[in-house]
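In case you want the letters, here they are:
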Amino acid sequence: MSRQEIHSSFVTRFAAPRIEPVAPITAEHLRRVEQDLKVTFPTAYLAFLTQHGPVFTPSILDLVTGGESEQAPEGASFDVQEFFEPKQIVETHRLYSSGGMEDWLVPVAMDCMGNVFGFRREERHPRPDDCPVLFFDHDYCKIHQEADGFDEWLASFLQLAK
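These numbers were taken from a predicted model, which means no experiment stands behind them. (Residues numbered from 1 in each chain as written. Predicted model: local features only at pLDDT ≥ 70, side-chain atom pairs only at ≥ 80, totals over all residues. Heavy atoms only, no water.)

### Notes on helix α5 (residues 86-98)
Right, so step 1: Given a rise of 1.5 Å per residue, 13 residues ought to cover 18 Å, and the 19 Å separating the end C-alpha atoms of α5 matches this to within 8%.
Right, so step 2: Those residues of α5 lying buried are Pro-86, Ile-89, Val-90, Thr-92, His-93 and Tyr-96. Taken down its axis, α5 places every buried residue within 170° of arc, on the same side. Away from its buried face by more than 90 degrees, α5 exposes Lys-87, Leu-95 and Ser-98.
Right, so step 3: As for α5, its buried residues are in contact with α2 (27-37), α3 (43-52), β2 (105-110), β3 (116-120) and β4 (133-137).
Right, so step 4: Positive phi shows up at Gly-100, right after α5, with a value of about 120°. (Helix = DSSP H or I, 4+ residues; strand = E, 2+ residues; numbered from the N terminus. Expected span 1.5 Å × (residues − 1). Buried < 20%, exposed > 50% of the residue type's maximum accessible area, 1.4 Å probe, protein only. Arc of directions from axis to C-beta. Contact = heavy atoms within 4.5 Å.)

### Examining the side chain of His-7
Right, so step 1: Along the chain, His-7 turns up in helix α1 (residues 3-14).
Right, so step 2: The buried category is assigned to His-7, whose relative accessible area is 3%.
Right, so step 3: Side chain to side chain, His-7 and Asp-151 meet in a polar contact 2.6 Å long.
Right, so step 4: With residues up to four places along the chain from it excluded, the contact list for His-7 reads Ala-44, Ala-47, Phe-48, His-52, Phe-150, Asp-151 and Leu-154. (Polar contact = N/O pair within 3.5 Å; in protein donor to acceptor, adjacent residues only side chain to side chain.)

### Here's the deal with the packing of aromatic side chains
Right, so step 1: Applying the stated criterion across every chain yields a total of 19 aromatic pairs.
Right, so step 2: An angle of 75° between the planes, with centres 6.3 Å apart, marks the rings of Phe-83 and Phe-150 as edge-to-face. Pair noted here: Phe-83 is in strand β1 (residues 82-83) and Phe-150 is in helix α6 (residues 150-160), with a separation of 67 residues, a long-range link. Of the two residues examined, Phe-83 and Phe-150, each falls in the buried class.
Right, so step 3: Sitting over the ring of Trp-104, Arg-120 keeps its end group 4.0 Å from the ring centre. (Phe/Tyr/Trp six-rings, centres within 6.5 Å; stacked < 30°, edge-to-face > 60°. Lys NZ or Arg CZ within 6 Å of the ring centre and 35° of its normal.)

Rendered as structure tokens:
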């Protein structure tokens, strides 16, 4: 599947309406976050957020836990419940960094328990096409790699849904 197909399929399959509407996100909004936090987001993430916005995906929880059957599918990991708006990225980074998260992680999404997914905080030129998605478990103050890339991470949820 192409990047656009992965992103569109992910949104079609998992996105739910938000209670409060969210304004469209532009590349300029994300450039400001990059400047503020001294990070370079991968093209894959920029394409997703500027095309689809900060989607809300609560149905992924049932997917990764097995729902009523309570039998998690093989390969299931943590759910992603919502992607952050640019302002939330900066606020969450400051809040979580002050609470024990390593400063080098820039959170871009959250699971249902308040753990965050993000990218390594580094400025890279040229902009990387994709990069590893990291997971911060706030209970243990540990970070581990969740996927080799953003597109791969989204595609893993689509694979579980088959």
